[in-house]
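Coordinate analysis (summary)
So you can see what is in the structure, the chains are spelled out below.
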Amino acid sequence: MSTTADRRLAPGTVAQAAAGDDVAFADIVAAYDDDMVRIAYLVTGDVAFAHEAVASAWGIAWRKLRTLRDDDHLRPWLAAVTANEARQLLRRQRRRTIREIPMDAVAEWAGSGSAGGADMTIDLMAALLSLTTEDRAIVAMRYALGLSSAEIGHAIGLSAPGVRSRLARALARLKQELGDV
Amino acid sequence: MSDRPIEPMDAFEARLARRLRAASDHALRAVDPAAVARDVALAHPRGWLRSIPGWWLTRSRQRERAAVLVFATLSLIVAILAAALLIGSRPRPPSVHLGHLAYTLANDVYVADWDGRHAVKVTSASGAPGSGFDIPRWYGATLTMSGPDARDPTVSGLFVLERAGGGIRELGPDAFNFRFDAARSVDGRRYAFIAGSVLTIADLAGSSNVLRPPPGHPIWDNSDLATMSWSPDGAALLAGGCTVDPCDKSPYATHDLFFVPLDGGSPQPLSSPDTPAWHARVSPDGAEIAYMACHADTSATSRCGSYYLGIMRRDGSDRRVLVDTNATGRSPGFQYHWSPDSRQIAYTFGDASGTLGLWVADAARHMPPSQLMTGPAAPLGWSPDGRLILATHVDGTGGSSLWAVPTDGSASTELVRGATSGDWEWVPDGALDPFGEPNAVSRSSGFAPPSLDR
């Protein structure tokens, strides 16, 4: 198994941000906001919800960054915080009302790809929504962010084999829904 | 930052990864990271500190905490100062002219409104021989005080403050060693004192009448135990005296109480033969007598056991203990004053353990005594309605001050800080100003020269 390094931040940035330096924290936002939006979007399936979940996740990150013991785990940790916020947001939303997928959102998905990609995107999102929110989060962390099973497991409190097992089940479901991508 | 492992993906996973990233691309937003960071920092409970102008607060959580600590400390200090100011400026009863307060402050005597305001140093008036005045006492509208004798400053004389532009004059052409408090007659026109074992009754005009103990009768003792009290009808004085010669002043075993008729009749003993008593005061209604006494103790070297404050009828009957100090071997320094309605007695309680306090007791003992002040405090007098007691109190630093102490247990009001003794003179119906025009506020009227020293 080969390795790679995540070098988006200068050394010491996380420690400075944890000490209350909002300039250092802004560097973290610049580095990882896209990752967090991707996670939130793939979990919620809604752009507005995704941005709301990310905003909430950044607030939690500001308060709890000091609890992060290893800078290497920052990205998985932020992804896990975001996924959790997205799931919480969906749960709260379901409590308020039974939400239908708006046609505008489908149009958003459809409009995001090429001419032939619109249907494929709709299929992909529909297939994703057939998974549980926990599995969507794991799938998004693994494939949209490229995190390893060990990183995901460390962030969400599972073992790496446990993550791989859930991924396998999720992939089987997606293959069933999508056919051969 | 260490390297992290890369897990291989099969073809399906690789395509899925590309499609997921492509599908989520359109959700990406263009944010200002600095704005996001500032917003989350400001949303923190201590984030408001970052809105304070100043670069240094925006970079450290430790500084945030330090700022909170400093802010909390400053707030506490401000709150304490505000509370102190509030207490210091606690609203007093309205300054309706109800009477006067005379008090001693740093060896000078001042006269103020009854609540301590509008004070005037009267011992700067003409005729005052320097300073060293004490024990101001009102005789109606006339103020007396002890002070250094004009011819022999080592002894004290009795001085009278003349009203309306007069000065201070020493009473009588013959100086006497006026060492202690004089007993005022109920009508405020005469006073009585003991000096040199001679009982003198005098008036403020200077005339006096000397009563010498007849042969075979008590010897007047000029110690502070010989506090005298006038009967309400002014016909007799209640005095303590020695029954043997010489007086045994410690532990006062030879002191008894006598009614001394002012018409020259023989003194009438009041105490029980086996119970020494002294320091008596007739109640305002004349029906009862309070007195200091000690329990009989034949086993002691003297007749005295422990001390108590007792009450008896004017004829000496129905003796009862009002407050028992359980203190032996020394006088507990009892000071007390009858309330105007003769129903209560305010007193300083000093028990065997040395605990002091200002208490008030029901003379009929229907109610248990209640404590009004803690610490060394002594009553000086009552307001006519019985709702306030004028008292001295010594704080922890040894500083004395005058207080108006409500008898209902509510908060006391400090009238004059630093004052060591004082006396209230109340206008009977609030309509008469003894120093000026009816209904006038006293201020400096009647004194020359007026000197607002406070």
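Owing to the predicted nature of the structure, the values given are computational and were not obtained by experimental measurement. (Residues numbered from 1 in each chain as written. Chains lettered and ligands numbered in written order. Predicted model: local features only at pLDDT ≥ 70, side-chain atom pairs only at ≥ 80, totals over all residues.)

**Some words on the overall build of chain A**
Each helix and strand counted, chain A has nine helices and one strand in total. Order of helices (α) and strands (β) in chain A, N terminus to C terminus: β-α-α-α-α-α-α-α-α-α. (Helix = DSSP H or I, 4+ residues; strand = E, 2+ residues; numbered from the N terminus.)

**Some points on the nonpolar core**
Generally speaking, nonpolar side chains in soluble globular proteins are found buried as a group. Membership of the largest hydrophobic core comes to 86 residues, with the highest contact counts inside it found for B:Tyr110, B:Ala192, B:Leu237, B:Leu238, B:Ala290, B:Ala391 and B:Val405. In this structure, B:Leu238 is in contact with B:Met228, B:Ser229, B:Ser231, B:Leu257, B:Phe259, B:Ala280, B:Val282 and B:Ile289, ignoring residues within four places of it in sequence. Counting 63 residues, the second largest nonpolar core, distinct from the first, contains A:Ala50, A:Ala155, A:Ile156 and B:Ala37. (Core = buried A, V, L, I, M, F, W, Y, C linked by C-beta atoms within 7 Å. Buried ≥ 20, exposed ≤ 12 C-beta atoms within 10 Å, placed from the backbone. Contact = placed C-beta atoms within 7 Å.)

**Considering the sheet that holds strand S28 (residues 400–406) of chain B**
Residues and elements named next belong to chain B. Overall, antiparallel pairing links the four strands, which are arranged S26-S27-S28-S29 in an open sheet. Each end of this open sheet is capped by a strand with a single partner; those strands are strand S26 (377–382) and strand S29 (413–417). Averaged over neighbouring strand pairs, the angle between their axes works out to 25 degrees when direction is ignored. Bridge count between S28 and S29: four bridges; the pairing is antiparallel. Looking at the pairing, Leu-402 lines up with Val-416 of S29. (Pairing = 2+ DSSP bridges. Axes fitted to C-alpha atoms, helices over the stretch in contact; angles between N-to-C directions.)

**Section: the pairing of S28(B)**
Residue and element names in this part refer to chain B. Extensive coverage of S28 is indicated by the burial of five of its seven residues. The pairing of strand S27 (residues 388–394) with S28 spans seven bridges and is antiparallel. Bridging from a neighbouring strand, Thr-392 pairs with Leu-402 of S28. The turn joining S27 and S28, which pair antiparallel and follow one another in sequence, is formed by five residues; a positive phi near 90 degrees is taken by Gly-398.

**A closer look at the sheet that holds strand S18 (residues 277–282) of chain B**
Strand-to-strand pairing in sheets goes through backbone hydrogen bonds, with the strands running parallel or antiparallel. Residues and elements named next belong to chain B. A sheet is described by the order of its strands in space; here four strands give the open sequence S18-S19-S20-S21, paired in antiparallel fashion. Two strands bound the open sheet, and with one partner strand each, they are S18 and strand S21 (320–324). Neighbour to neighbour, the strand axes of the sheet diverge by 30 degrees on average, direction disregarded. Relative to S21, strand S20 (residues 304–313) runs antiparallel, the two sharing four bridges. Each residue of the ladder has a partner; that of Gly-310, found in S21, is Val-321.

**Some thoughts on the confidence of the model for chain B**
All names here are of chain B. Averaged over all residues, the pLDDT of chain B equals 75, while 69% of them reach at least 70. Residue range residues 429–454 is modelled with pLDDT below 50. Its contacts to residues more than four positions away, or to other chains, number 51 contacts. The ipTM for the predicted assembly is 0.84, set against a pTM of 0.53. (pLDDT = per-residue confidence, 0-100.)

**With respect to the packing of helix H7 (residues 133–144) of chain A against helix H1 (residues 11–25) of chain B**
Relative orientation of the contacting elements H7(A) and H1(B) amounts to 100 degrees, with a least axis distance of 9 Å. It follows from the interaxial angle that H7(A) and H1(B) lie roughly perpendicular. On the side of H7(A), the interface is formed by A:Ala140, A:Tyr143 and A:Ala144, while H1(B) contributes B:Glu13, B:Leu16, B:Ala17, B:Leu20, B:Arg21 and B:Ser24. Residue composition of the contact of H7(A) with H1(B), by class: six nonpolar, one polar and two charged. (Parallel < 35°, antiparallel > 145°, perpendicular 65-115°, else oblique. Nonpolar A, V, L, I, M, F, W, Y, C, P; charged D, E, K, R; others polar.)

**A word on unusual backbone geometry**
Residue and element names in this part refer to chain B. Positive phi, close to 50 degrees, is recorded for Ala-106, a residue that is not glycine. Note that Ala-106 resides in the loop between strand S2 (99–105) and strand S3 (108–113). Owing to 11 C-beta atoms within 10 Å, Ala-106 belongs among the exposed residues under this scheme.

**Considerations on the packing of helix H3 (residues 47–64) of chain A against helix H2 (residues 33–43) of chain B**
At their nearest, the axes of H3(A) and H2(B) sit 9 Å apart, and the two run at 65 degrees to each other. Here H2(B) runs roughly perpendicular to H3(A), going by the angle between their axes. Once H3(A) is placed against H2(B), the crossing between them reads as right-handed. Contacts between H3(A) and H2(B) involve A:Trp58, A:Gly59 and A:Trp62 from the former and B:Val36, B:Val40, B:Ala41 and B:Ala43 from the latter. Among the residues making up the contact of H3(A) with H2(B), the classes are represented as six nonpolar, one polar and no charged. (Left-handed = near helix turned anticlockwise from the far one by under 90°.)

**So, the pairing of S20(B)**
All names here are of chain B. Burial within S20 is extensive, with seven of its ten residues counted as buried. Where strand S19 (residues 288–296) lies against S20, eight bridges are found, and the strand directions are antiparallel. Residue pairing in the sheet places Cys-294 in a bridge with Tyr-307 of S20.

**Focus on H2(B)**
Of all the residues in H2(B), the buried ones are B:Val36, B:Ala37, B:Val40 and B:Ala41. For H2(B), the angular spread of the buried residues around the axis is 130 degrees, confining them to a single face. Along its buried surface, H2(B) packs onto helix H2 (22–44) and H3 of chain A. (Arc of directions from axis to C-beta.)

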